[in-house]
Each structure stands twice: as structure tokens, then as C-alpha cells.
Amino acid sequence: MSSPVTTPVPALEIAVTAPAGAVVARDGGADRVELCSALELGGITPSQGLVEAAVEVGIPVHALVRCRPGGFVHDRDDVDLMDREVRAVLRSGAAGVVVGALRPDGTLDADVLRRFVATARAVDPTAEVTLHRAVDHAVDPVAAAASLADLGITRVLTSGGAPIAGTGAATIARMVAAAGVVQVMAGGGVTPADVAALLATGAAAVHLSAKRPAGDAHGGVPMGAGDDGSAHFVTDAEVVAAARAAVDAARPSA
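Residues numbered from 1 in each chain as written. Predicted model: local features only at pLDDT ≥ 70, side-chain atom pairs only at ≥ 80, totals over all residues. Heavy atoms only, no water.

## Focus on the packing of aromatic side chains
For clarity, the threshold we go by: Aromatic rings from Phe, Tyr and Trp, with only the six-membered ring used for Trp, were paired whenever their centres fell within 6.5 Å, and each pair was classed as stacked if the ring planes differed by under 30 degrees, edge-to-face if by over 60, and tilted otherwise. Whether a charge lies above a ring is judged from NZ of Lys or CZ of Arg, which has to be within 6 Å of the ring centre and within 35 degrees of the ring normal.
Inspection of the entire model under this criterion finds zero aromatic pairs. One cation-aromatic arrangement involves Lys211 over Phe233; the distance from NZ or CZ to the ring centre is 5.2 Å.

Rendered as C-alpha cells:
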């Protein structure tokens, strides 16, 4: 008698910027966290100390490796730095890395991505490698998704090329069909109310920051060009719990 076919349970990933956020995500039932710094800039690589402290929380940590804000076309110095950062975050205990790179023509930079994958697996053969939302800036996200298995990518985070994932749901569904064994994770402006529709695309996971402003706005003298005095973000336990409930409610029937 053949064994019954089981449908994988969709996963919940929370983007966090601090060990406290990792604790909130863990306690709220998240399956893993994406760790970064400067979430308000789209995220950049977290420090070694931050990775180590988040790993100690006990939830799988996937560290963003992005050496600067801005576009995703990287020069040799950028790539060399990010290759070092891939090694550093994995040696600090991260379970995976989140990377991305484009060519000037808007296609994936396959050579750079292969290098990151090779570096990650040389440090940890079990390391997971996620392609981040650089894919949403690609000229053809669906074609990009179709190429990822050959690059050794584990999953891709995408809003379907739209500003928010809810708007890009139809494209996300096409990416799921094209990606084959590569997991597609829907993310970008996601709220718990969006979860059911996004998982209906066939996505293997949903990703959200579940953030709220902390009460520490300073006002006054700007501390840099991107600083308007606003509070930094922290992870909201109620949003994480609501997202977990939405993911569980969307689980396929046995």
C-alpha cells in the first residue's frame, strides 16, 4: 500500500532587527526569522554580535546579506564584501543567508549568486539560501524563479514584482508554478489579513515584519540624510500571533 501524500505545512517567517524581536517571533509561533539591520532602509547585513545574540534565542535565524541600501547591481568590491559576510553570519550560527544580485539588464546575476551559494555551503553544507526581493526588480520575475533550482537556491522571497504582495498575488502563483523545487515565500507589505490569499497562490511561506514604531522618536537635529527623527521599529507580538493563527487556519485538510 502506498503512503499517503502529505502537503507541506506553510511556514511563517518574521523579519526582525533585534534579539528581542526574535524572542517575540519565537514565542508567537514563527518558524524562523530573517535578521537584518536598518529595516527602514530595506535591511542591511546585521553585525556579528547581533547574529550571535539572535541565534541564542533558539529560533532558526536567516541573516540578510546586503552590504548597502539602494539597487541590486553590485560591483566587485560589493560582492567581495558580501561573500565575506556570508561566511561571517553562518560562522556566527545563522541557519541560512538571504542574498540577491542583478545585472544591469535586469536579469539575475547568476555568477554572483552561484558564488554566494558555494560560499554558504562551504561553511555549512546544510545552509539555506534565500533570494531576496531583488527578484521583484528583475525584468521578468517568473523567468527568474524558473532559474533558481539550477543556482542551488532554497527559496525566493517575492511580492510578485508589485509594491505589496497582495497586489502581486497572480504573479506569485506563476512563480510558484515556474520555481519547481524552490520554495516561494510571499512577502512585502503583508498583514495577517493577507495570509490566506497569499497561501492560496501555492506559496510555501509568508513573510512579514510585524512591526510597530517604538516610542523613542528624537525629533530635532537629523542624524543623517535618512533620519527624520522617527522612532525605530520593534516586533509586535499581537501581529505575530495573528499571522500565526492565519497561517494555521490556511493549512490544508489532512
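## Brief notes about the sheet that holds strand β5 (residues 128–131)
Rules: Strands were regarded as paired on the criterion that DSSP finds at least two bridges between them. Numbered from the N terminus, helices here are DSSP runs of H or I no shorter than four residues, and strands are runs of E no shorter than two. Axis definition: a line fit to C-alpha positions, over the contact stretch in the case of helices; interaxial angles, taken between N-to-C directions, run 0 to 180 degrees. Contacts: residue pairs with any heavy atoms within 4.5 Å of one another.
Overall, parallel pairing links the eight strands, which are arranged β1-β2-β3-β4-β5-β6-β7-β8 in a closed barrel. Mean inter-strand twist for the sheet, computed between neighbouring axes without regard to direction, equals 25°. When strand β7 (residues 183–187) meets strand β8 (residues 205–208), the two strands line up parallel, connected through three bridges. Following the sheet pairing, Ala186 is matched in β8 by Val206. Against the sheet, helix α4 (residues 110–123) makes contact with β4 (96–99) and β5, and its axis sits at roughly 155° relative to β5, the strand it touches most.

## Some words on the environment of Arg32
What counts is decided by this rule: Between buried and exposed lies partly exposed: a residue is buried under 20% and exposed over 50% of the maximum accessible area for its type, with that area taken using a 1.4 Å probe on protein chains only. Within 3.5 Å is the distance limit for a polar contact, defined as a pair of N or O atoms, with the added protein rule that one can donate a hydrogen and the other accept it, and that residues adjacent in sequence qualify only through two side-chain atoms.
Turning to its location among the elements, Arg32 is positioned in strand β2 (residues 32–35). Judged by its relative accessible area of 8%, Arg32 is buried. As a C-alpha pair, Arg32 and Leu12 span 20 residues in sequence and 6.9 Å in three-dimensional space. Among residues more than four places away in sequence, those in contact with Arg32 are Ala11, Leu12, Glu13, Ile14, Ile59, Pro60, His62, Arg155, Met185 and Ala205. Side-chain polar atoms of Arg32 contact the side chain of Glu13, separated by 2.6 Å.

## So, the pairing of strand β1 (residues 11–16)
For the record, the criterion: Throughout, right-handed denotes a crossover for which the path from the first strand over the helix to the second runs clockwise when the strands point away from the viewer.
β1 sits mainly inside the fold: six of its six residues count as buried. Here β1 shows no split at all, with Ala11, Glu13 and Ala15 on one side and Leu12, Ile14 and Val16 on the other all buried. Where β1 and β2 come together, four bridges link them in parallel fashion. Its bridge partner being in β2, Ala15 is matched across the sheet by Glu34. Regarding topology, helix α1 (residues 19–27) serves as the crossover connection from β1 to the parallel β2, and that connection is right-handed.

## Section: the state of the cysteines
To keep things clear, this is the line we draw: Pairs of cysteine sulfur atoms within 2.5 Å are what we label disulfides.
Counted according to the given criterion, the structure contains zero disulfides. Cys67 provides the cysteine sulfur closest to Cys36, a residue in no disulfide bond, and the two sulfurs are 14 Å apart. Since its relative accessible area comes to 1%, Cys36 is described here as buried.

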